[in-house]
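Report on the structure
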Amino acid sequence: MHAELERVIALQQLDTKAAQARKQLADAPEREQAFDERLSTAKERVAGAKAKLAANQEARRAIEKEVAVHQGRLSKYRDQAMAVKTNQEYHAIQHEMSHAQGEIKKYEDQILERMVEADDLTATIKSAEAALAAEQKTIEAERTRLKAEDAETRKSLDALGAERARIVDGIDKRVLAIYDTAYARRHDIAVAEARDGICTICHVRLRPQVFNDVRRNDAIVQCDSCQRILYFVPAPAPQPS
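Residues numbered from 1 in each chain as written. Predicted model: local features only at pLDDT ≥ 70, side-chain atom pairs only at ≥ 80, totals over all residues. Heavy atoms only, no water.

Section: the overall build of the chain
Each helix and strand in the chain was counted, giving five helices and four strands. Along the chain, from the amino end to the carboxyl end, the secondary structure elements read α-α-α-α-β-β-α-β-β. Based on the C-alpha atoms only, the size of the chain along its principal axes is roughly 125 × 45 × 40 Å. Long-range contacts, defined as pairs at least 24 residues apart, comprise 69% of the intrachain contacts of the chain with a sequence gap of at least 6. For the chain, the accessible area works out to roughly 15900 Å², and carbon and sulfur atoms hold 52% of it. Charged side chains in the chain number 39 positive and 40 negative. The centres of these two groups are separated by 2 Å. (Helix = DSSP H or I, 4+ residues; strand = E, 2+ residues; numbered from the N terminus. Contact = heavy atoms within 4.5 Å. Areas by Shrake-Rupley, 256 points an atom, 1.4 Å probe, with all protein chains shown as cover. Lys, Arg positive; Asp, Glu negative; His and termini not counted. Charge placed at Lys NZ, Arg CZ, Asp CG, Glu CD.)

Okay, here's the thing in structure tokens:
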């Protein structure tokens, strides 16, 4: 393979690795935002369950007040029943007492419902708090791991930069200019494999003579369509049986 072609292929590989490394570092704020959103969701579940429990307790207190009102009325009616003088008055008091007892029973059933609901909500709160604690632990571990990965990525960028400088120093300036132009214009991909007569990046069919030139790998040949530098990977030699 032509020496300049080997160098630009190596340069593309280095630039691709460096671009991936820079993207990883650039994605750090987005990752942090994702962590924050996960924690926020877990905290909202806890807060939501606690709010429901608070509403349950408030509703229960309101019902207990109603019970107390009707218990007071029932007590008053019992006192009045001791002083009635006619059957008509007695039956009227009995009717009021029966109504008060019915209301007390109705509200006590509602209190029981709230108590059962409160037990469920308490269990939900415990589960949500446990999930929150687990999420916090998981995210902290992920943050620690990613921080270490980012540190290694920065080191690798330094190494890639040094290696790139070494390769660039050995490339013909005309060839480097071709590479740099294609890299800047073609989404950071300046070198492409040609396969089956097609540029594998822009997917445009090459002229037969151009593809034949590329197959030899002995010169810098550009794609007529995208201007990327082309190279050819020969098929592996058949293994002896």
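A short note on the sheet that holds strand β4 (residues 229-231)
One open sheet holds the four strands; their spatial order is β2-β1-β4-β3, and the pairing between them is mixed. In the strand order of this sheet, the two ends are held by β2 (198-199) and β3 (221-222), each with one partner. Sheet analysis places strand β1 (residues 191-195) next to β4, joined by three bridges and oriented parallel. Residue pairing in the sheet places A192 in a bridge with L230 of β4. (Pairing = 2+ DSSP bridges.)

Topic: the nonpolar core
One finds V8, I171, Y179, V191 and I229 to be the most contacted residues of the largest nonpolar core, which totals 21 residues. At the level of secondary structure, the elements contributing two or more residues to this core comprise α1 (3-26), α3 (87-169), α4 (173-185) and β4. When residues of this core are assigned to their parent elements, the largest contribution, seven residues, is made by α1. Setting aside residues up to four positions removed in sequence, V8 forms contacts with I171, V175, Y179, V191 and I229. Core analysis: the next-biggest nonpolar cluster, separate from the first, contains 12 residues, C199, L206, F211 and F232 among them. (Core = buried A, V, L, I, M, F, W, Y, C linked by side-chain atoms within 4.5 Å. Buried < 20%, exposed > 50% of the residue type's maximum accessible area, 1.4 Å probe, protein only.)

Examining the packing of helix α2 (residues 28-81) against α3
For the pair α2 and α3, interaxial distance at closest approach is 7 Å and the crossing angle is 165°. In terms of axis orientation, α2 runs roughly antiparallel to α3. Two packed elements cross with a definite hand, and for α2 against α3 that hand is left-handed. Grouping the amino acids of the contact of α2 with α3 by side-chain chemistry returns 27 nonpolar, 10 polar and 22 charged. (Axes fitted to C-alpha atoms, helices over the stretch in contact; angles between N-to-C directions. Parallel < 35°, antiparallel > 145°, perpendicular 65-115°, else oblique. Left-handed = near helix turned anticlockwise from the far one by under 90°. Nonpolar A, V, L, I, M, F, W, Y, C, P; charged D, E, K, R; others polar.)

Thoughts on the pairing of β1
Among the five residues that make up β1, four are buried, leaving the element largely enclosed by the rest of the structure. Bridge count for β1 against β2 is two bridges, and the pairing is antiparallel. Across the sheet, R195 pairs through a bridge with I198, a residue of β2. The hairpin formed by β1 and β2 contains two residues between the paired strands, and D196 there has a positive phi angle of roughly 55°.

As for the packing of α1 against α3
Between α1 and α3, whose axes approach to 9 Å, the crossing angle comes to 155°. Judged by the inter-axis angle, α1 sits roughly antiparallel to α3. Our pair here, α1 against α3, has a crossing hand that is left-handed. Where α1 approaches α3, its residues R7, A10, L11, L14, D15, K17, A18, A21, R22, Q24 and L25 are matched on the opposing element by E149, D150, T153, R154, L157, L160, E163, R164, I167 and V168.

A look at the environment of E4
Relative to the elements of secondary structure, E4 occurs in helix α1. A residue is classified by how much of its surface remains accessible, and E4, at 13% relative accessible area, is buried. Note: C-alpha distance between E4 and G170 (166 residues apart in sequence) is 8.5 Å. Contact partners of E4, with chain neighbours within four places excluded, come to G170, I171, D172, V175 and I220.

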